[in-house]
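Listed here are the chains, written in short residue letters.
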Amino acid sequence: MPTAALRVAGLRKEYPGHDGRGTVVAVDGIDVEIAPGEIVAFLGPNGAGKTTTLDIVLGLVPATAGTVEVLGTSPRQAVTSGKVSAVLQTGGLLRDLRVEETVRAIAALHGAKSRVDDVMHRAGVTALAGRKVGQCSGGEQQRLRFALALLPNPQILVLDEPTAGMDAAARRDFWETMRAETHEGRTVVFATHYLEEAQAFAPRTVLIDHGKIRADRPTDELRNLVGDRVAAATVPPGTGEAAASALRAVQGVREVRVEGDRVIATGTGSDAAALELLTTLGGRDLEVSAPSLESAFFALTQNDQEGDR
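Let me begin by describing the structure that accompanies this report. What you see is a predicted model; the values in this text were computed from it and never measured. (Residues numbered from 1 in each chain as written. Predicted model: local features only at pLDDT ≥ 70, side-chain atom pairs only at ≥ 80, totals over all residues. Heavy atoms only, no water.)

Enumeration according to the criterion identifies five aromatic pairs in this entry. Between Phe174 and Trp175, the ring centres sit 5.6 Å apart and the planes meet at 85°, which makes this aromatic pair edge-to-face. For the pair shown, Phe174 and Trp175 are each scored as buried. With a centroid separation of 4.4 Å and 45° between ring planes, the pair formed by Trp175 and Phe201 is classed as tilted. On the criterion of sequence distance, the pair formed by Trp175 in helix H6 (residues 168–182) and Phe201 in helix H7 (residues 195–201) is long-range, its members being 26 residues apart. Like Trp175, the residue Phe201 is buried in the burial classification. Members of the aromatic cluster, connected to one another through ring pairs, are Phe146, Phe174, Trp175, Phe190 and Phe201. Positioned over the ring face of Tyr15 is Lys13, at 5.1 Å from the centre of the ring. Sitting above the plane of the Tyr194 ring, Arg171 keeps its charged end 4.3 Å from the centroid. (Phe/Tyr/Trp six-rings, centres within 6.5 Å; stacked < 30°, edge-to-face > 60°. Buried < 20%, exposed > 50% of the residue type's maximum accessible area, 1.4 Å probe, protein only. Helix = DSSP H or I, 4+ residues; strand = E, 2+ residues; numbered from the N terminus. Lys NZ or Arg CZ within 6 Å of the ring centre and 35° of its normal.)

Printed below as a string of structure tokens:
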């Protein structure tokens, strides 16, 4: 069998309780395997256990129980050999150094001086070369961290909330840069609480909540777990209620509502509803939309939390 990029089994992490008694469980029995070249999002709210899991994968904190293999070795060995690099949320930069000085200093540690110009170009920080790190915006500092992560030419990139604190434009620019990197065949694992990032960038999403994996599926499939799709069209004036009655008889349509001349059908039978709207009911301006990852996220976490009670 080919070596997995990442294999986690029975992972558990406990911390002492705040009052000195008992424990707080941050990660509660996570099992996950990621193949080389995959792009996977760890999606969940703040405090879900995403960062703790990645900290263990990077060898930054020990697990209470369970095993972690990174490219067939321990996390510490993988990081030390340069096979794994990380872009973390904060820290790791000296504010008084200039951007190029920072990259060259870290390149010297990795024996990667010949890669300086290349990684600065790929991370989009060449134009910032002479600027002090402390004068860079949060998004620019994340790009610098990305350049540093590329220096050892890693097989795996681990990103922990890499766009936290960025505005929408900076997040978009960062992910455009990351897309170019995935064409190199790197494995990318990133933690995020931005639903749109997982939906736009990750073919596979691991949904984590309260330290447990609630779902691990292709992102498109995960969206469709909640089932409902929406078909909406404008019908001739005065026919909205009649159209609604006709749509309620369509198999798979769960709910129909009328908003003026706009008729909206929700359910698993959206395609059949769309056909009915166009061919029989004289509809126009048809729109058919799939469930969002947000709806799947809240549906799955709510159902699991109710089951835990």
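That was the structure; now back to the text.
Next up on the list: the packing of helix H3 (residues 99–110) against helix H4 (residues 116–123). At a minimum axis distance of 10 Å, the contact between H3 and H4 shows a crossing angle of 130°. By the angle between their axes, H3 is oblique relative to H4. You can see that H3 and H4 cross each other, and the crossing is right-handed. On H4, the residues touching Val99, Glu100, Val103, Arg104 and Ala107 of H3 are Val116, Asp117, Val119 and Met120. Of the residues contributing to the contact of H3 with H4, the split by class is six nonpolar, no polar and three charged. (Axes fitted to C-alpha atoms, helices over the stretch in contact; angles between N-to-C directions. Parallel < 35°, antiparallel > 145°, perpendicular 65-115°, else oblique. Left-handed = near helix turned anticlockwise from the far one by under 90°. Contact = heavy atoms within 4.5 Å. Nonpolar A, V, L, I, M, F, W, Y, C, P; charged D, E, K, R; others polar.)

Here we come to the sheet that holds strand E6 (residues 156–160). The strand order across the open sheet formed by six strands is E5-E6-E7-E3-E8-E9, and the pairing between neighbours is mixed. Strands with a single pairing partner mark the edges of an open sheet, and in this sheet they are strand E5 (84–87) and strand E9 (212–218). With strand direction ignored, the average angle separating the axes of adjacent strands in the sheet is 15°. Direction of pairing for E6 relative to strand E7 (residues 187–192): parallel, over a ladder of five bridges. When the bridges of E7 are listed, Leu157 appears paired with Val188. (Pairing = 2+ DSSP bridges.)

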